[in-house]
Amino acid sequence: MAKSEIQLLEFEKPLQELYDKIEKLRALQESNKLDMAEEIKMVGKRIEAARHEIFSRLNPSQIVQVARCLQRPTTLEYCDMIFEDFEELHGDRNFADDPAIVTGVAKLDGRSVVVIGHQKGHSTKELIARNFGLANPEGYRKALRIMRLAERYNKPIISLIDTQGAHPGIGAEERGQAEAIAKNLREMAELTVPFISVITGEGGSGGALGICMGNRVMMLEFSIYSVISPEGCASILFRNAARANEAAVAMRITAKDLLELGVIDEIIKEPVGGAHQDPKLAAKNIKTAVLKQLEPLLTLSHRELIADRYNKYRKMGIFNE
C-alpha cells in the first residue's frame, strides 16, 4: 500500500512507524536498484501482526471509529462484489428519488433477489451527493415500494444498513419522516418473503430500522447498532457530548453485545483491520453468511415467515433475574 493510500484511525497510529519504514525501503530499492523485497515483506508481516493485536482488543468507542471509517465499502460496492446482474431501481412514485437509499434487483448465487441499502461515499463530494447516507421519507417509501415488488414476485429481500440515522431536516419532517419509517416497520412485519438484514457500518436509530426488520439480522464484526449515537446519548444523559466513549460502553452497541442480548442472529467476521482492509474478503464473508441464513427461510410458507419474524422480535427485551 502506498503511503498516500494509508489512512490510519487514531488508535492505529502505532503502525505509522512501520509504514514509514516500508516507504524508506521502497525508496532505497528504487534509488539504489537494490532488491529489498524480502525486507519489505518482513515489515509487512510485522504490520499485520501488530494490527491483529490492536483489533483483538478494541473497546466500544474504537469500534465506533471503525464503523464510521469512510474507507469501508459502500452498499453499491458490496452489490458489485456480492450479487450478479444488479440493476438499480429509482424513485418512490410519489415525490422523488432519494440517493441516500439504493434499491434494485439482482441475483445471489443464481437466485433472483431484491436489494435495499443505505449509500454513503468515500469523498466529501460523494457524501454530499448521497446526503451522508441520511435518508428522507422518499427513501423509505422507495424501499417499501421495492419490498412490495419483492413480495409480488416472491423474491427474497437483502438489506444492507449503514447510516447514522434518518435525515433530521425540516423538509423531511414536513414530508412525514416518522410516518414513513413507522409504516415501513408495520409493512415489514407482514412481508411474506424471506428478509435478511446486514449492518455493514453504522446502524443508527429509526434510520436503520426503516429497512432492517429482517427475519434474520446480522452485523459485521466492527459495526454498531443503536437507538442513538454515543454523542447524542451522552448529550442527553450526561449533558456532555465529550462523554461519548462512556456512553458507547453503557449502550452495548457492538456486535458482540447485541448477539448476547439476542438482538442480532450472527456476527460476520471481518478481515484484520476492518472491511476496508480487504473489501473482497468482507464481501465474500457477507455472501456466505447470507446464503447460510437464507437457505432455511426458503423452506417456510408465507404464514411461517410472518410468524418467524413476529417471534424473533417478540422475544427481545425479556430477561430472567
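Look above for the structure.
Description of the structure in this document. (Residues numbered from 1 in each chain as written. Predicted model: local features only at pLDDT ≥ 70, side-chain atom pairs only at ≥ 80, totals over all residues. Heavy atoms only, no water.)

Before going further, it helps to spend a moment on the packing of helix α1 (residues 16-32) against helix α2 (residues 37-55). The N-to-C vectors of α1 and α2 enclose an angle of 170°; their axes lie 10 Å apart at closest approach. As summarised for this structure, α1 and α2 are arranged roughly antiparallel, according to the angle between their axes. For the pair α1 and α2, contact is made by L18, Y19, K21, I22, L25, R26 and Q29 and by A37, E39, I40, V43, G44, R46, I47 and R51, respectively. In the contact of α1 with α2, the residues fall into eight nonpolar, two polar and five charged. (Axes fitted to C-alpha atoms, helices over the stretch in contact; angles between N-to-C directions. Helix = DSSP H or I, 4+ residues; strand = E, 2+ residues; numbered from the N terminus. Parallel < 35°, antiparallel > 145°, perpendicular 65-115°, else oblique. Contact = heavy atoms within 4.5 Å. Nonpolar A, V, L, I, M, F, W, Y, C, P; charged D, E, K, R; others polar.)

Further remarks concern the packing of aromatic side chains. The full count for this structure, using the stated rule, is two aromatic pairs. On the basis of an interplanar angle of 65° and a centroid distance of 5.6 Å, the ring pair of F11 and F55 is categorised as edge-to-face. On the criterion of sequence distance, the pair formed by F11 in the segment before α1 and F55 in helix α2 is long-range, its members being 44 residues apart. On the basis of relative accessible area, F55 is assigned to the buried category, the value being 7%. Geometrically, the ring pair formed by F55 and F222 is edge-to-face, given 5.4 Å between the ring centres and 65° between the ring planes. (Phe/Tyr/Trp six-rings, centres within 6.5 Å; stacked < 30°, edge-to-face > 60°. Buried < 20%, exposed > 50% of the residue type's maximum accessible area, 1.4 Å probe, protein only.)

Turning our attention to the side chain of S159. Along the chain, S159 falls in strand β4 (residues 157-163). Once you skip the residues sitting within four places of it in the chain, S159 turns out to touch I116, F195, I196, S197, V198, I211 and C212.

This paragraph deals with the pattern of salt bridges. Within this structure, the stated rule accounts for 22 salt bridges. Among the ionic pairs, R57 bridges to E53, the shortest N-O distance being 3.1 Å. Using a relative accessible area of 42% as the deciding quantity, one classes E53 as partly exposed. One salt bridge connects R175 with E138, and the closest N-O pair in it is separated by 3.0 Å. Residue R175 is found in the loop between α7 (170-174) and α8 (177-189), and its partner E138 is found in helix α6 (residues 137-152); the two are separated by 37 residues along the sequence. The buried category is assigned to E138, whose relative accessible area is 6%. Several salt bridges share partner residues, and in doing so they unite R68, K120, D162, E202 and E231 into one network. (Salt bridge = Lys/Arg side-chain N within 4 Å of Asp/Glu carboxyl O.)

What follows deals with empty space enclosed by the protein. Scanning the entire structure with this criterion turns up one cavity of 30 Å³ or more. Roughly 80 Å³ of volume is contained in the largest cavity. Here the residues of the lining of the largest cavity sort into four nonpolar, two polar and four charged. (1 Å grid on protein atoms, 1.4 Å probe; cavity = no way out; pocket = protein on both sides within 12 Å on 5 of 7 lines; lining within 4 Å. Points joined across faces, edges and corners; volume = space filled by probe spheres on them.)

Moving on to the nonpolar core. Among the nonpolar cores identified, the biggest contains 30 residues, and I116, M147, I157, I211 and Y225 are the most heavily contacted of them. Of all the elements, α6 adds the most residues to this core, at six residues. Membership of the second largest hydrophobic core comes to 25 residues, among which are Y78, L220, I286 and L294. (Core = buried A, V, L, I, M, F, W, Y, C linked by side-chain atoms within 4.5 Å.)

What follows is about helix α10 (residues 230-237). What sets the pattern is the α-helix's 3.6 residues per turn: residues three or four places apart point alike. Residues of α10 that are buried include every one of P230, G232, C233 and A234, and no others. As for α10, its buried residues are in contact with α3 (60-67) and α11 (244-251). Of the residues trailing α10, R239 is marked for its positive phi of about 60°.

Turning next to the environment of C79. For C79, the location among the structural elements is in helix α4 (residues 75-82). Residue class for C79 comes out buried when judged on its relative accessible area of 1%. The spatial distance from the C-alpha of C79 to the C-alpha of Y140 is 19 Å, given a sequence separation of 61 residues.

On a regular strand, one side chain projects to one face of the sheet and the next to the other, so that they alternate. Counting buried positions over the ten residues of strand β5 (residues 195-204) gives ten, a clear majority of the element. Bridging between β4 and β5 involves six bridges; their strand directions are parallel. Each bridged residue has a counterpart across the sheet, and for I158 the counterpart in β5 is I196. When β5 meets strand β6 (residues 216-220), the two strands line up parallel, connected through four bridges. (Pairing = 2+ DSSP bridges.)

Bringing the state of the cysteines into the picture now. All chains considered together, the criterion is met by zero disulfides. Lacking any disulfide linkage, C212 is separated from the closest cysteine sulfur, that of C79, by 16 Å. With no disulfide partner, C233 has as its closest neighbouring cysteine sulfur the one in C212, 20 Å distant. Given a relative accessible area of 10%, C233 falls into the buried group. (Disulfide = S-S within 2.5 Å.)

A positive phi angle is found at S205, which is not glycine, with a value near 55°. A positive phi angle, near 60°, is found at R239, a position not held by glycine. Inspection of the secondary structure assignment puts R239 in the loop between α10 and α11.

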